[in-house]
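Examination of the molecular architecture
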There are 2 protein chains.
Amino acid sequence: MNVVEKLRNVNLRPTKQRILLAKQILDGKNKHFTAETIQKEVLSNGQSISLATIYNCLNKFVSVGLLKQIDQQGEVTIFDTNVSHHHHFLNQNTGELIDIDPDEIGFSKLPDIPNGFESDGVEVLIKIKE
Amino acid sequence: MNVVEKLRNVNLRPTKQRILLAKQILDGKNKHFTAETIQKEVLSNGQSISLATIYNCLNKFVSVGLLKQIDQQGEVTIFDTNVSHHHHFLNQNTGELIDIDPDEIGFSKLPDIPNGFESDGVEVLIKIKE
DNA sequence: TCAACAGGTTAGAATAATTCTAAACTAGAT
DNA sequence: ATCTAGTTTAGAATTATTCTAACCTGTTGA
Ligand SMILES: [Mn+2]
Ligand SMILES: [Mn+2]
Ligand SMILES: [Zn+2]
Ligand SMILES: [Zn+2]
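The rules behind each value
- Residues numbered from 1 in each chain as written.
- Chains lettered and ligands numbered in written order.
- Predicted model: local features only at pLDDT ≥ 70, side-chain atom pairs only at ≥ 80, totals over all residues.
- Heavy atoms only, no water.
- Donors = N, O, S within 2.8 Å, 3.2 Å for Na, K, Ca; no water.
- Buried < 20%, exposed > 50% of the residue type's maximum accessible area, 1.4 Å probe, protein only.
- Pairing = 2+ DSSP bridges.
- Helix = DSSP H or I, 4+ residues; strand = E, 2+ residues; numbered from the N terminus.
- Contact = heavy atoms within 4.5 Å.
- Buried area = accessible area lost by both parts, 1.4 Å probe.
- Salt bridge = Lys/Arg side-chain N within 4 Å of Asp/Glu carboxyl O.
- Polar contact = N/O pair within 3.5 Å; in protein donor to acceptor, adjacent residues only side chain to side chain.
- Least-squares fit on C-alpha atoms with pLDDT ≥ 70 in both.
- Near = heavy atom within 4 Å.
- Nonpolar A, V, L, I, M, F, W, Y, C, P; charged D, E, K, R; others polar.
- Expected span 1.5 Å × (residues − 1).
- Arc of directions from axis to C-beta.

1. Observations regarding the coordination of the zinc ion (ligand 3)
All names here are of chain A. At 2.0 to 2.2 Å from the zinc ion (ligand 3) lie its protein donor atoms, namely His32 (NE2), Asp80 (OD), His86 (NE2), His88 (NE2) and Asp99 (OD). In the primary structure, the donors to the zinc ion (ligand 3) are separated according to the pattern H-x47-D-x5-H-x1-H-x10-D. Note on His86: relative accessible area 4%, which makes it buried. Look at His88 and you get buried, because its relative accessible area is 8%.

Shown next, in the form of structure tokens:
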């Protein structure tokens, strides 16, 4: 499935900018990136796109489930092309995230969910350093 | 141990402002708060302190281990008086964090740490909703 | 006791990530 | 070809946090 179809599937008009981003991002590989790094990649390919558009597009992509947004480690929002449930290593030397497949982690004990609430997902972050 | 002693223990001069904050914060209870919420508490007590000083102090407190800093869910930095290793529920309706004692969580399986790295802690976040 | 000074506080400016505004543009429908 | 809702964009606005630089204060030791 090409990127135009992928965009149509989720009811997003395949504009020049969205196609550009989708080609960069939705190539089947799992990646973590920021709005700025994506813009640099695009610009260094000789193409151009404004940062506002990148935020608009990435936020749309998140809202339709093409991307996940990771709010961790402060400052900058990281986007994740791996939208299935998974965990992360955090390389504390670089800030880089590395995916952990969910079946790599098992629990022998978990706490009771507070009364009146239900679980909405368990995320494990393993901080690593050199 | 009173707050002046606590500050002296970590080589911080017990200034008026640090004492004020330490009394609010280091009362033995586990809390999560932001710089803004602490300032509001102080001001509503009739005392005054600038936001710059609150950031200065809280950052110092973190660097000497009196507080932990939690960079999660974007935007605002949350400070945590529970400096021992623990996990969190995240109430997605309110953004509130609730402590989970580490012995409430057990692992039956954990992934290999990438080559050349060592683990620097495992953090579990259980997202909950009403 | 108190001068000296290193360290601390502060208002306001600066910074930086992200969102907003509003004008110009375009994909898709008819 | 025309129309319109949706999209893009530059630049302004917003917001959390840090910086600047002037003023203040805790501590020390003469
Ligand atoms: Mn931060
Ligand atoms: Mn965010
Ligand atoms: Zn990931
Ligand atoms: Zn906590």
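2. Structural notes on the sheet that holds strand 1 (residues 32-33) of chain A
Residue and element names in this part refer to chain A. Strand order in this open sheet of 3 strands is 1-3-2, and the pairing throughout is antiparallel. On the outer flanks of this sheet lie strand 1 and strand 2 (68-70), each paired with one strand and no other. For strand 1 and strand 3 (residues 78-80), the ladder comprises 2 bridges, and the chain directions are antiparallel. Paired with Phe33 across the bridge in strand 3 is Phe79.

3. Some remarks on the interface of chain A and chain B
Counting residues at the interface gives 36 residues for chain A and 36 residues for chain B. Across the chain A to chain B interface the summed buried area is about 3,300 Å²; carbon plus sulfur atoms make up 57%. We note a salt bridge from Lys127(A) to Glu123(B), for which the minimum N-O separation is 2.7 Å. Summed over the shared surface of chain A and chain B, the number is 22 residue pairs in polar contact (both at pLDDT 80 or more). Mapped onto the side of chain A that touches chain B, the elements with two or more residues apiece are strand 4 (87-91), strand 6 (106-109) and strand 7 (118-129) of chain A. The leading source of residues in the side of chain A that touches chain B is strand 7 of chain A, at 12 residues.

4. Comments concerning the pattern of salt bridges
Residue and element names in this part refer to chain A. Tallying each qualifying case throughout the model produces 6 salt bridges over all chains. Where Asp27 meets Lys31, a salt bridge forms, and the shortest distance between an N and an O atom there is 2.9 Å. Classification of Asp27 by relative accessible area gives partly exposed; the value is 35%.

5. Remarks on the relation of the copies chain A and chain B
Aligned on chain B, chain A shows an RMSD of 0.1 Å; the corresponding rotation is 180° and the shift along the axis is 0.0 Å. Here the copies are linked by what is in effect a two-fold axis. Looking at the interface residues of chain A, 100% of them are also at the interface in chain B, so both copies use one shared face.

6. Examining the protein's contact with DNA strand C
If you check the shell around DNA strand C, you find 20 residues, and the closest are Arg8(A), Tyr55(A), Thr77(A), Thr15(B) and Thr53(B). Among atoms of DNA strand C positioned within 4 Å of the protein, sugar and phosphate together represent 83%. At 3.3 Å, a backbone N or O of Ser50(B) approaches a phosphate oxygen of DNA strand C. Of all elements in the fold, only helix 4 (51-63) of chain A together with helix 2 (16-25) and helix 4 (51-63) of chain B reach the threshold of two or more residues within the surface near DNA strand C. Here the surface near DNA strand C gets 5 residues from one element, more than from any other, and that element is helix 4 of chain B. For the surface near DNA strand C, the per-class residue count stands at 7 nonpolar, 7 polar and 6 charged.

7. Let's talk about helix 4 of chain B
Residues and elements named next belong to chain B. The terminal C-alpha atoms of helix 4, which comprises 13 residues, lie 18 Å apart, in line with the 18 Å expected from a rise of 1.5 Å per residue. All of the buried residues along helix 4 are Ile54, Cys57, Leu58 and Phe61. Along helix 4, the residues classed as buried sweep out an arc of 95° about the axis, all on the same side. Set apart from the buried face of helix 4 by more than 90 degrees, the exposed residues are Asn56 and Ser63. Looking at the buried positions of helix 4, the neighbouring elements they touch are helix 1 (3-9), helix 2, strand 1 (32-33), helix 3 (35-44) and strand 3 (78-80).

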